[in-house]
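Coordinates in review
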Amino acid sequence: MKNFSAILALIIISLSATAQNGGESVYTFLKLPVSGNSAAMGGAAIASGNLGANNLFANAAMIDSAADRYVAVNYADYIADINFGSAAYTAKIDSLWSVAGGVLFMNYGTFDYADEAGVLGGTFSAKDCAIYCSVIRHITKNFRASVTTKTIFSHLERYRSWGIAFDFGMVYTLPQAGVVIACTAQNVGFQCTPYTGSQRAPLSLCLQVAASKMLENAPLRFSVTLTELQSRLDEDNAANLADHFVIGFELFPKSTVSVKAGFNAQRHNDLRMSNASRAAGFSFGADVRLKRFAVQYSRACYGAAASINMFTLEGFLREW
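Residues numbered from 1 in each chain as written. Predicted model: local features only at pLDDT ≥ 70, side-chain atom pairs only at ≥ 80, totals over all residues. Heavy atoms only, no water.

Focus on a nonpolar patch on the surface
A grouping of Leu215, Phe222, Val224, Leu241, Phe245, Ile247 and Phe249 is seen on the molecular surface, where their side chains present a nonpolar patch of about 510 Å² in accessible area. Contributions of two or more residues to the nonpolar patch are made by β9 (220-226) and β10 (245-254). The biggest single contributor to the nonpolar patch is β10, with three residues. (Patch = residues over 30% accessible without salt bridge, like charges linked within 9 Å, V, L, I, M, F, W, Y side chains within 5 Å. Areas by Shrake-Rupley, 256 points an atom, 1.4 Å probe, with all protein chains shown as cover. Salt bridge = Lys/Arg side-chain N within 4 Å of Asp/Glu carboxyl O. Helix = DSSP H or I, 4+ residues; strand = E, 2+ residues; numbered from the N terminus.)

Describing the pattern of salt bridges
Overall, the coordinates contain eight salt bridges when judged by the stated rule. With a closest N to O distance of 3.1 Å, Lys31 and Glu228 form a salt bridge. You can see Lys31 sitting in the loop between α1 (4-15) and α2 (36-40) and its partner Glu228 sitting in the loop between β9 and α4 (238-242), a full 197 residues away along the chain. Judged by its relative accessible area of 32%, Lys31 is partly exposed. Judged by relative accessible area, which is 15%, Glu228 ranks as buried. In this structure, Arg289 engages Asp287 in a salt bridge whose closest nitrogen and oxygen atoms are separated by 3.7 Å. (Buried < 20%, exposed > 50% of the residue type's maximum accessible area, 1.4 Å probe, protein only.)

Digging into the environment of Ser98
Looking at the secondary structure, you find Ser98 in strand β3 (residues 97-114). Classification of Ser98 as buried rests on a relative accessible area of 3%. Residues Ser98 and Ser65, 33 residues apart in the sequence, show an inter-C-alpha distance of 6.5 Å. Side chain to side chain, Ser98 and His138 meet in a polar contact 3.0 Å long. (Polar contact = N/O pair within 3.5 Å; in protein donor to acceptor, adjacent residues only side chain to side chain.)

What follows is the structure, encoded as structure tokens:
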């Protein structure tokens, strides 16, 4: 494992030359912000101060060895009748290794069958599911790396598909300076069984780099994330470059309470259709941490008529 970080760096660098166009990939539900913390921080929280089990979905390398027998459950009321939920669990093996596992389930609701003339003929449903299994290596006191395997199942009406994907993550912390630096390569994999025919579609690859800083004289942490780095960065187009930024803030007015806010530039520019939807891309949330568990709530704006509410419950099983 001593060459683990070098191998991971090579993987990320080699993938950075890959570009994908929107609408051409499958299993895009894997890019959703699954936890309340991630949703509140703009949808990208790979270097946040939260070290709990929900990092399995964002950056498993953020899971600290202290998060032993830690469990998290999430639910989101998504757009229209769509909803999704997830659950994660972490366990410490020894001083060098931790493991985590979880599941993400998405239900798109029930739809009506109709022919070309609009004649109804029953209903059908659409669902996606992914099972996560992660190994975290504590390489040094301040440096962790992770590999996560995801088995993906999709059922859209009568069409079925399954695939395999991997997430790679690294985190380096500077505790005295209050700095966290992280990078991830998510959804590196392939479609094993296409929905139709034999042509396999690419997965929704995502490369991210982030850094966060805890202020010395104020209970505030801010983070900056560069996301979707697999897409070409156009240096001549400032708007294109700005779309890759996600900014987040965490305020800790009390030891048991935190307030979060975020801004996702790409979401803002893609979903802002008029002056009525200026809030698109903004998000906020709050945590209340009690003795044995914590409750999180977040709300993210996706446009004038679509805001998403997410709820999270997490805690240590050994204390229940």
